[in-house]
Amino acid sequence: MSSTRRSEDPRGNRRDHGSALIERVIAAVAVDPSRPVLDHNPFAGPWVEGEPQPRSVDAFPGGHPLPPSLRAWLAYDGGMLARHGWFDEDGRLAPRTLGELAAAEFGEPWGSCFEPFSERFGDCFLLPGGSDSRRILALGPNGERDELGEYPVFALDVDDLPCAMLMYPGFDAYLADTAGILGRAAGGGYDALKNDRRYAHRMRTHARDRLAGAYELICLP
């Protein structure tokens, strides 16, 4: 095996992936759980409100399994995700379509712009992140996951050229970046992790499975 392939092996350093990475996030958050999730957006609230609120969830609606990273985070706290509309009033996971999320977050014409792509993205969940943009976890039409069992996270942006861009290979990398422990290079654009040796292989897997090898989907109203 070449050194290049070895450096991109997502199992090469387990602490950078999956539940092991989430354990590092939890350790960082536990230092000050009340600090804001997003420094630039107080509406996202704190990492933890009061005491942590663990949640036990077996699977997504439709039977798709939870990724290891999400299962590990929910075992610590589900409050932050609840504040972003992940659960209904009965405490069950409540996915939305891409079009529904775009309409709720950006209004029209963006809901109608993204709605034709809803089937391709499958069940979606809003995540805190961005200012004019949004972050969504997308399960895909058939629950497509990478080799570590993770679903991708996309950035939705309606500024300049409206698009959905593959940003993270999973909830693990998303949460670590949001917590400030990923070490993601600044100024590399939404899809910068496609050039990060730790995550490049996983990013390519999602690009292939979701966007026919591309990293972004352009939406023209």
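Residues numbered from 1 in each chain as written. Predicted model: local features only at pLDDT ≥ 70, side-chain atom pairs only at ≥ 80, totals over all residues. Heavy atoms only, no water.

Draft legend 1. Local environment of the overall build of the protein. Per the secondary structure count, the protein includes 9 helices and 5 strands. Along the protein, from the amino end to the carboxyl end, the secondary structure elements read α-α-α-α-α-α-α-β-β-β-β-α-α-β. Considering only C-alpha atoms, the protein reaches an extent of 45 × 45 × 35 Å along its principal axes. Considering the protein as a whole, with its 221 residues, one finds that 50% of them fall into the buried category. Contacts spanning at least 24 positions in sequence make up 56% of the contacts within the protein whose residues lie at least 6 apart. Counting only carbon and sulfur atoms, one obtains 48% of the accessible surface of the protein, whose full area is about 10,100 Å². (Helix = DSSP H or I, 4+ residues; strand = E, 2+ residues; numbered from the N terminus. Buried < 20%, exposed > 50% of the residue type's maximum accessible area, 1.4 Å probe, protein only. Contact = heavy atoms within 4.5 Å. Areas by Shrake-Rupley, 256 points an atom, 1.4 Å probe, with all protein chains shown as cover.)

Draft legend 2. Fine view of helix α5 (residues 98–106). Taken as a whole, α5 has its buried residues at Leu98, Gly99, Leu101, Ala102 and Phe106. Buried residues in α5, looked at end-on, bunch into an arc of 160°, giving them a common side. Looking at the buried residues of α5, the elements they touch are α6 (110–114), α7 (118–121), β1 (124–127), β2 (134–138) and β3 (153–157). (Arc of directions from axis to C-beta.)

Draft legend 3. Examining the sheet that holds strand β5 (residues 216–218) more closely. The sheet built from 5 strands is open, its strands ordered β1-β2-β3-β4-β5 with antiparallel pairing. In this open sheet, the two strands that pair with only one neighbour each are β1 and β5. Pairs of neighbouring strands in the sheet enclose a mean axial angle of 30°, with direction left out of account. The strands touched by helix α8 (residues 171–178) within the sheet are β1, β2, β3 and β4 (163–168), with β4 carrying the most contacts at an inclination of about 85°. Contacts from helix α9 (residues 200–211) reach β2, β3, β4 and β5, with the element oriented near 150° to β4. (Pairing = 2+ DSSP bridges. Axes fitted to C-alpha atoms, helices over the stretch in contact; angles between N-to-C directions.)

Draft legend 4. Spatial organisation of the packing of helix α2 (residues 18–31) against helix α3 (residues 68–76). At their nearest, the axes of α2 and α3 sit 8 Å apart, and the two run at 30° to each other. Here α2 lies roughly parallel to α3, going by the angle between them. Crossing of α2 against α3: the hand is right-handed. Between α2 and α3, the residues in contact are Gly18, Ser19, Ile22, Glu23, Val25, Ile26, Val29 and Ala30 and Pro68, Ser69, Ala72, Trp73 and Tyr76, respectively. (Parallel < 35°, antiparallel > 145°, perpendicular 65-115°, else oblique. Left-handed = near helix turned anticlockwise from the far one by under 90°.)

Draft legend 5. Region of the structure containing the state of the cysteines. Using the criterion set out here, one finds 1 disulfide in the structure. Cys113 shares a disulfide with Cys219; S-S distance 1.5 Å. Of this pair, Cys113 sits in helix α6 while Cys219 sits in the segment after β5; the two residues are 106 residues apart in sequence, bridging distant segments of the chain. The pair formed by Cys113 and Cys219 is uniform in burial state, with each residue classed as buried. Cys124 takes part in no disulfide bond, and the closest cysteine sulfur to it belongs to Cys219, at a distance of 13 Å. (Disulfide = S-S within 2.5 Å.)

Draft legend 6. Molecular detail of a nonpolar patch on the surface. Side chains of Leu161, Ile218 and Leu220 sit close together on the surface and give an oily, nonpolar patch of about 280 Å² of accessible area. With respect to the helices, strands and loops of the structure, Ile218 is situated in strand β5. (Patch = residues over 30% accessible without salt bridge, like charges linked within 9 Å, V, L, I, M, F, W, Y side chains within 5 Å. Salt bridge = Lys/Arg side-chain N within 4 Å of Asp/Glu carboxyl O.)

Draft legend 7. The confidence of the model for the protein, seen in detail. Averaged over all residues, the pLDDT of the protein is 91; the fraction at 70 or higher stands at 93%. Low confidence marks residues 1–7, where pLDDT is under 50. Its contacts with residues over four positions away, or in another chain, come to 2 contacts. (pLDDT = per-residue confidence, 0-100.)

Draft legend 8. Representation of unusual backbone geometry in the model. In this structure, the amide linkage connecting Glu108 to the following residue, Pro109, adopts the cis form with an omega of 10°. By the element assignment, Pro109 lies in the loop between α5 and α6. Located in the positive-phi region is Ala212, a residue other than glycine, with phi close to 55°. Following the sequence through the fold, Ala212 ends up in the loop between α9 and β5.

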